[in-house]
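# Working through the structure, step by step
Chain by chain, the residues:
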Amino acid sequence: MAKFKRSNEQNMGEALGQWLDRYRLRQGIDNARVEQAWDEVLGPSIARQTSRKKMQNGILVIQLDSSIVRKELLMVKSKIISSINEHLGREVVKDLHLY
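Residues numbered from 1 in each chain as written. Predicted model: local features only at pLDDT ≥ 70, side-chain atom pairs only at ≥ 80, totals over all residues. Heavy atoms only, no water.

### Notes on the pairing of strand β1 (residues 50-56)
Here β1 pairs with strand β2 (residues 59-64) via 6 bridges, running antiparallel. By the bridge assignment for β2, Lys54 is matched with Val61. Adjacent in sequence and paired antiparallel, β1 and β2 are bridged by 2 residues, among which Asn57 carries a positive phi angle near 55°. (Pairing = 2+ DSSP bridges. Helix = DSSP H or I, 4+ residues; strand = E, 2+ residues; numbered from the N terminus.)

In structure tokens, the structure reads:
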């Protein structure tokens, strides 16, 4: 049997998404999710080397304790961006700055 939605019905995800957009909260939620995704995607060893994380206007700014780690991560910058966006399920990070 096919399921039909009434015109005013929506699932909880759609309703929550509309609510976040209406009250302009999505950016703050996305920023927090990106900072959390950094630790999850790159793992505990990189998370320990990370001293500051900040998401600003689609740019993820990361301050690292080790210049060696920074140089290694710069070589795979585009892969990191795509992995974080894939982890989040949509494009949130447009660029990555490592310091």
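### Here we look at helix α2 (residues 26-49)
The end-to-end C-alpha separation of α2 is 28 Å, well short of the 34 Å expected for 24 residues at 1.5 Å each. At Gly43, α2 shows its largest bend, some 130°, and a proline, Pro44, comes one to four positions later. The complete set of buried residues in α2 reads Asp30, Asn31, Val34, Ala37, Trp38, Leu42, Gly43 and Ile46. Against the buried residues of α2 lie β1, β2, α3 (67-75), α4 (77-88) and β3 (95-98). (Expected span 1.5 Å × (residues − 1). Bend = angle between axes of the 7 residues up to and from the residue. Buried < 20%, exposed > 50% of the residue type's maximum accessible area, 1.4 Å probe, protein only. Contact = heavy atoms within 4.5 Å.)

### Quick notes on the environment of Glu35
Position of Glu35 relative to the elements: it lies in helix α2. On the accessibility criterion, Glu35 (26% relative accessible area) is partly exposed. Residues within four places of Glu35 in sequence aside, it is in contact with Lys53, Lys54 and Met55.

### Overview of the nonpolar core
Of all hydrophobic cores here, the largest spans 19 residues; its most connected members are Val34, Trp38, Leu60, Leu73, Ile84 and Leu96. Going through the elements one at a time, α2, β2, α3, α4 and β3 are the ones with two or more residues in this core. The element contributing the most residues to this core is α2, with 5 residues. In this view, Ile84 contacts Val34, Ala37, Trp38, Val41, Leu60 and Val93; residues no more than four positions away in its chain are not counted. (Core = buried A, V, L, I, M, F, W, Y, C linked by side-chain atoms within 4.5 Å.)

### Thoughts on the packing of aromatic side chains
Inspection of the entire model under this criterion finds 1 aromatic pair. Look at Trp19 and Tyr23: their rings are 5.7 Å apart centre to centre, the planes differ by 55°, and that puts the pair in the tilted class. (Phe/Tyr/Trp six-rings, centres within 6.5 Å; stacked < 30°, edge-to-face > 60°.)

### Here we look at the side chain of Ser66
Looking at the secondary structure, you find Ser66 in the loop between β2 and α3. Here the side chain of Ser66 touches Val69 through a polar contact of 3.2 Å, landing on its backbone nitrogen. (Polar contact = N/O pair within 3.5 Å; in protein donor to acceptor, adjacent residues only side chain to side chain.)

### A closer look at the packing of α2 against α4
Relative orientation of the contacting elements α2 and α4 amounts to 115°, with a least axis distance of 10 Å. Considered as vectors, α2 and α4 are oriented roughly perpendicular to each other. Remark: the crossing between α2 and α4 carries right-handed chirality. Within the contact between the two elements, α2 uses Arg33, Val34, Ala37, Trp38, Glu40, Val41 and Leu42 and α4 uses Ile80, Ser83, Ile84, His87 and Leu88. Split by residue class, the contact of α2 with α4 holds 8 nonpolar, 2 polar and 2 charged. (Axes fitted to C-alpha atoms, helices over the stretch in contact; angles between N-to-C directions. Parallel < 35°, antiparallel > 145°, perpendicular 65-115°, else oblique. Left-handed = near helix turned anticlockwise from the far one by under 90°. Nonpolar A, V, L, I, M, F, W, Y, C, P; charged D, E, K, R; others polar.)

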